[in-house]
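Structural overview
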Amino acid sequence: MASGRFGIHGGQYIPETLMNEIQNLERAYLHYKDDAEFNTELSALLNDYAGRPSRLYFAKKMTEDLGGAKVYLKREDLNHTGSHKINNVLGQVLLAKKMGKTRVIAETGAGQHGVACATAAALLNMECEIFMGKEDTERQKLNVFRMELLGAKVNAVTSGTQTLKDAVNEAMREWVSRVADTHYALGSVMGPHPFPTIVRDFQSVIGKEARAQILEREGSLPAAVIACVGGGSNAIGSFYNFINDPVRLIGCEAAGLGVDTDKHAATIAKGTLGIFHGMKSYFCQNDEGQIAPVYSISAGLDYPGIGPEHAFLHDSNRAEYVPVTDEEAVSAFEYLSRTEGIIPAIESAHAVAYARKIVPAIEREKSVIICLSGRGDKDVAAIARYRGRGLEE
Amino acid sequence: MSNISAAFKKGKAFIGFLTAGDPDLGATEKFVLEMERAGADIVELGIPFSDPIAEGIVIQEADLRALKAGATTVKIFELVARIRQKSQIPLVFLTYINSVFKYGYEAFFKRCKEVGIDGIIIPDCPFEEQGEVKEFSHKFGIDLISLIAPTSEERIKKIAAEAEGYIYLVSSLGVTGVRSEIKTDLASIVDSIRPISSVPVAVGFGINAPEQASSIAKIADGVIVGSAIVKIIAKDSASGNAVKTVGEYVKKMKDAIK
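On a predicted model such as this, the values are computed, not experimentally measured, just so you know.

Right, let's talk about the overall build of chain B for a bit. When you go through chain B residue by residue, the secondary structure sums to 12 helices and 9 strands. Seen through its C-alpha atoms, chain B measures out along the principal axes to roughly 45 × 40 × 35 Å. Burial statistics for chain B: of 258 residues in total, 64% are counted as buried. Taking as baseline every contact in chain B between residues at least 6 positions apart, the subset at least 24 positions apart corresponds to 72%. Put simply, chain B shows about 9500 Å² of open surface, and 53% of that area lies on carbon and sulfur atoms. In chain B, 31 positive and 33 negative side-chain charges are present, and the distance between their average locations comes to 5 Å.

Here's what the structure looks like:
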């Protein structure tokens, strides 16, 4: 059995053509992750360019309104490019450059990872091509233009459901076709080993900072850390440094129109064990193993699988995964905008929605951290449409 | 001697691929019998998958057509059982691992043996992950056919050392699909396999013209043709000519490698 397992999950279920490359990537990563010069360069990029550390903001009005534990927002939305995606991308693109690659490709759902990738590629002089489901290019037209502005080529994927899953398929097909000069900068903690580990490590800066920040502010650990989960990169990044602490870790899945309908992307709630996109994990699929078309208002959570480490944290009962519907997420999107003057990404709004449910029942002297993984500017037009107001983007 | 190794004893082998259930399961049965009649030595039956990441657009679309027409793993096993009443041509499944995993490894290979499947190719199950599958493919005597790619380099040694059935040598980088030119130095890859394994080497990915097949047959033991056949099926099924045109094509290709 190949390396890179989280319990029974993970592995390297990919075409032979990619095996040498993925083993090279693992070797390069193991070398550079402890390399002083690499880490100095990466820290400089994260701090000076991306704006880290991100703030841990005490949401006073939300706390007063909910009447329970103190609510803190980990402000990944304030990073350059507007989401946590830049943490992983700066790491991977820098690593790719060290490996002698001259070109990066990536999938994107909402466009946040694509924009981050195009940004890092522009900064580090790499050629960049992004694969995005055609339906998502229409949902997120501004991000398409943003990527093009940054010098990337955007390929609209017309196969399958024309969303994130199909964008991953197409990026993998492209990587098989051109592997020598190209790095596939996977955007989440998914895919074949070593991606789930690499992406987790680059994203773990979120929880590492948040842990130190909450200890400084409160003098104690939070009662819970809450994050949205599609593939699960901001969630694992938030959870990782709390895994050995007595802290509830809560991942919020996209329940779309509800887990009792066929329009959701709630992998833990409704999925079953399978092997897809290079990994063993839970997937929304039928009895024959055909991957199900999933749905969420949030393009970033509209994915039929979940990263293997999350599947393991679920199996071992270390983390809880809960479904949050479109309606709950939109309502939280509006709530945070009005209450704190912060417009969250619709993905992150899933975490805000669940916090609204549980915070009132947690003692006032305790605290919870919500990972605000991205900002909501990209979603404003879609939310207006959801509320029946047509807006020109 | 296994059914598959026997197929390579008669000279250079022509291996034809088609997606099971495209355009429907009844048609697949006719295509397989016609391919055998036209000279095919082995037939690879693709089990359609919703997200076939190693396939180009031709086979992706065939998979979707087959799924839409109602093909399932269960029905494909029944199809194989029907073909076996009429033909002993070696049959190999090409399937993504999730279809096997969801059926249950043991149940899947048990059923393969019952209906008369000879081998299996799993494009998203590389050498390192084969253990969990091999336990059961061996138990039921189904050859697990491994792929070697132009990028395999030093991996060739360990893959070839454990090869069964035939080695599927991928002609070029990328996904399946018709190519006008194959630039990989296949001869040197074949040379590096020979001292390690006596299992036959068949080359696939991109082969569609008789001239390509003929030049590849000079260095390998067989040629695998998929997308070109699937294209004919897609084009000629509506007019009802596909059985005839698939047969003519297979005959032309087989003649080219004789």
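With that settled, consider the overall build of chain A. Helix and strand content of chain A: 16 helices and 14 strands. In terms of principal-axis extent, the alpha carbons of chain A reach across some 55 × 45 × 40 Å. The buried share of chain A, reckoned over its 393 residues, is 65%. The contacts of chain A with a sequence gap of at least 6 include a subset with a gap of at least 24, amounting to 73%. Here chain A carries 42 positive and 49 negative side-chain charges, and the mean point of each set is 3 Å from the other.

This brings us to a nonpolar patch on the surface. A cluster of nonpolar side chains, namely Phe145, Leu149 and Leu150 of chain A, defines an oily patch on the protein surface of about 310 Å² accessible area. Secondary-structure assignment places Leu149 of chain A in helix 7 (residues 141-149).

Listed as interface residues are 37 residues of chain A and, on the opposing side, 38 residues of chain B. Of all residues in chain A, the largest losses of buried area upon contact with chain B belong to Glu16, Arg173 and Glu288 of chain A, amounting jointly to 24% of the total for that side. Our enumeration of links across chain A and chain B arrives at 4 salt bridges. Of the charged contacts in the structure, one is a salt bridge between Arg5 of chain A and Glu129 of chain B, with a shortest N-O distance of 2.7 Å.

In this section: the environment of Val199 of chain B. Residues and elements named next belong to chain B. Its place among the elements puts Val199 in the loop between helix 9 (186-193) and strand 8 (201-204). Exposure remark for Val199: the relative accessible area of 14% places this residue in the buried category. Taking the C-alpha atoms as reference, Val199 lies 16 Å from His138; in sequence the two are 61 residues apart. Residues contacting Val199, with those up to four places away along its chain left out, are Ala163, Glu164, Gly165, Tyr166, Ile167 and Arg194.

Residues and elements named next belong to chain A. Annotation of chain A at the domain level lists domain 1 (5-46 + 85-199) and domain 2 (53-82 + 204-386). Between the C-alpha centres of domain 1 and domain 2 the distance comes to 22 Å. The junction of domain 1 with domain 2 conceals about 2900 Å² of combined surface from both sides, 61% of it contributed by carbon and sulfur atoms. At the junction of domain 1 with domain 2, the criterion picks out 0 salt bridges. For the pair domain 1 and domain 2, the interface holds 8 residue pairs in polar contact (both at pLDDT 80 or more). When grouped by side-chain class, the residues that make up the side of domain 1 that touches domain 2 number 16 nonpolar, 17 polar and 5 charged.

Right, let's talk about the pattern of salt bridges for a bit. Residue and element names in this part refer to chain A. In this structure the tally under the stated criterion is 49 salt bridges over all chains. As a salt-bridge pair, Arg75 and Asp77 come within 2.8 Å of each other at their nearest N and O atoms. A salt bridge links Lys378 to Asp379, with the nearest nitrogen and oxygen atoms 2.7 Å apart. Via salt bridges that share partners, Arg103, Glu127, Glu129, Glu174, Arg178 and Asp181 belong to a single interconnected network.

On to the sheet that holds strand 13 (residues 319-325) of chain A, then. Residue and element names in this part refer to chain A. With mixed pairing, 6 strands are arranged side by side in an open sheet as 3-4-14-9-10-13. Two strands in the sheet have a free side with no partner beyond their single neighbour: strand 3 (56-58) and strand 13. Shown here is a sheet whose adjacent strand axes are inclined to one another by a mean of 30°, direction ignored. As judged from the 7 bridges shared by strand 10 (residues 248-256) and strand 13, these two strands associate in the parallel manner. Across the sheet, the residue bridging to Cys252 is Val322, located in strand 13. Against the sheet, helix 10 (residues 205-218) makes contact with strand 3, strand 4 (70-75) and strand 14 (367-372), and its axis sits at roughly 140° relative to strand 4, the strand it touches most. Taken strand by strand, helix 14 (residues 326-340) contacts strand 3, strand 4, strand 10, strand 13 and strand 14, and its axis lies near 90° from that of strand 13.

In this section: the packing of helix 4 (residues 85-98) of chain A against helix 5 (residues 112-123) of chain A. Residues and elements named next belong to chain A. The contact between helix 4 and helix 5 brings their axes to 9 Å, and the two run at 40°. The orientation of helix 4 with respect to helix 5, classified from their angle, is oblique. Here helix 4 and helix 5 pass one another in a crossing that is right-handed. Contacts from Lys85, Ile86, Asn88, Val89, Leu90 and Val93 of helix 4 reach helix 5 at Gln112, His113, Ala116, Cys117, Thr119 and Ala120. Across the contact of helix 4 with helix 5, the residue classes break down as 7 nonpolar, 4 polar and 1 charged.

So, about the side chain of Ser171 of chain B. Residues and elements named next belong to chain B. Inspection of the secondary structure puts Ser171 in the loop between strand 7 (167-170) and helix 9. Given a relative accessible area of 0%, Ser171 falls into the buried group. Only 2.7 Å separates the side chain of Ser171 from the side chain of Ser172, close enough to count as a polar contact. For Ser171, the residues in contact, after removing those within four places along its chain, are Pro150, Ile182, Thr184, Leu186, Val203, Gly204 and Phe205.

On to the environment of Val178 of chain B. Residues and elements named next belong to chain B. Relative to the helices and strands, Val178 resides in the loop between strand 7 and helix 9. Once the C-alpha coordinates of Val178 and Val58 are considered, the two residues, 120 residues apart in sequence, prove to be 8.8 Å apart. Excluding residues that lie within four positions of it along the chain, Val178 makes contacts with Gly206, Asn208, Ser227, Ala228 and Lys231.

So, about unusual backbone geometry. For residues besides glycine, phi is generally negative; the peptide bonds are generally trans as well. A cis amide bond links Arg52 of chain A to the next residue, Pro53 of chain A, at an omega of -5°. In this structure, the amide linkage connecting Asp22 of chain B to the following residue, Pro23 of chain B, adopts the cis form with an omega of 0°. Along the chain, the position of Pro23 of chain B falls in the loop between strand 1 (13-19) and helix 2 (25-37). The phi torsion at Gln162 of chain A lies on the positive side, around 60°, for a residue other than glycine. Mapped onto the elements of the fold, Gln162 of chain A is located in the loop between strand 7 (153-157) and helix 8 (164-177). With phi around 45°, Glu153 of chain B is a residue other than glycine that occupies positive phi space.

Basis of the calculations
Residues numbered from 1 in each chain as written. Chains lettered and ligands numbered in written order. Predicted model: local features only at pLDDT ≥ 70, side-chain atom pairs only at ≥ 80, totals over all residues. Heavy atoms only, no water. Helix = DSSP H or I, 4+ residues; strand = E, 2+ residues; numbered from the N terminus. Buried < 20%, exposed > 50% of the residue type's maximum accessible area, 1.4 Å probe, protein only. Contact = heavy atoms within 4.5 Å. Areas by Shrake-Rupley, 256 points an atom, 1.4 Å probe, with all protein chains shown as cover. Lys, Arg positive; Asp, Glu negative; His and termini not counted. Charge placed at Lys NZ, Arg CZ, Asp CG, Glu CD. Patch = residues over 30% accessible without salt bridge, like charges linked within 9 Å, V, L, I, M, F, W, Y side chains within 5 Å. Salt bridge = Lys/Arg side-chain N within 4 Å of Asp/Glu carboxyl O. Buried area = accessible area lost by both parts, 1.4 Å probe. Domains from an automatic or database assignment. Polar contact = N/O pair within 3.5 Å; in protein donor to acceptor, adjacent residues only side chain to side chain. Nonpolar A, V, L, I, M, F, W, Y, C, P; charged D, E, K, R; others polar. Pairing = 2+ DSSP bridges. Axes fitted to C-alpha atoms, helices over the stretch in contact; angles between N-to-C directions. Parallel < 35°, antiparallel > 145°, perpendicular 65-115°, else oblique. Left-handed = near helix turned anticlockwise from the far one by under 90°.

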